[in-house]
Amino acid sequence: MSLAQVGDTLYVQDVPLKYLFDPELKKRTPPPFRAVAVKLPQ
């Protein structure tokens, strides 16, 4: 997981890490990564 703050919004990158560590899943294509925007409280 990765985080980046831009102004009052936090972007969280949703990455399926199990595809990096599971030998069986390494052979498969992971689903697309996505970034989720989270509004920070004022």
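Residues numbered from 1 in each chain as written. Predicted model: local features only at pLDDT ≥ 70, side-chain atom pairs only at ≥ 80, totals over all residues. Heavy atoms only, no water.

Q: I would appreciate a short explanation of the sheet that holds strand β3 (residues 34-39) in the present structure.
A: Within a sheet, neighbouring strands are paired by backbone hydrogen bonds and run either parallel or antiparallel to one another. Pairing is antiparallel across the open sheet formed by three strands, whose spatial order is β1-β2-β3. Edge strands, defined here as strands with exactly one partner in the open sheet, are β1 (2-6) and β3. Each adjacent strand pair in this sheet contributes to an overall mean axis angle of 25 degrees, direction not counted. In terms of strand pairing, β1 meets strand β2 (residues 9-14) through five bridges, oriented antiparallel. If you follow Ala4 over to β2, its bridge partner there is Tyr11. (Pairing = 2+ DSSP bridges. Helix = DSSP H or I, 4+ residues; strand = E, 2+ residues; numbered from the N terminus. Axes fitted to C-alpha atoms, helices over the stretch in contact; angles between N-to-C directions.)

Q: Any chance you could explain the pattern of salt bridges here in plain terms?
A: For side chains of opposite charge, pairing can occur when their charged atoms come near one another. Summed over the entire model, instances satisfying the criterion amount to three salt bridges. One salt bridge connects Asp8 with Lys39, and the closest N-O pair in it is separated by 3.3 Å. Of this pair, Asp8 sits in the loop between β1 and β2 while Lys39 sits in strand β3; the two residues are 31 residues apart in sequence, bridging distant segments of the chain. Here Lys27 and Glu24 are joined by a salt bridge, their closest N and O atoms 3.7 Å apart. (Salt bridge = Lys/Arg side-chain N within 4 Å of Asp/Glu carboxyl O.)

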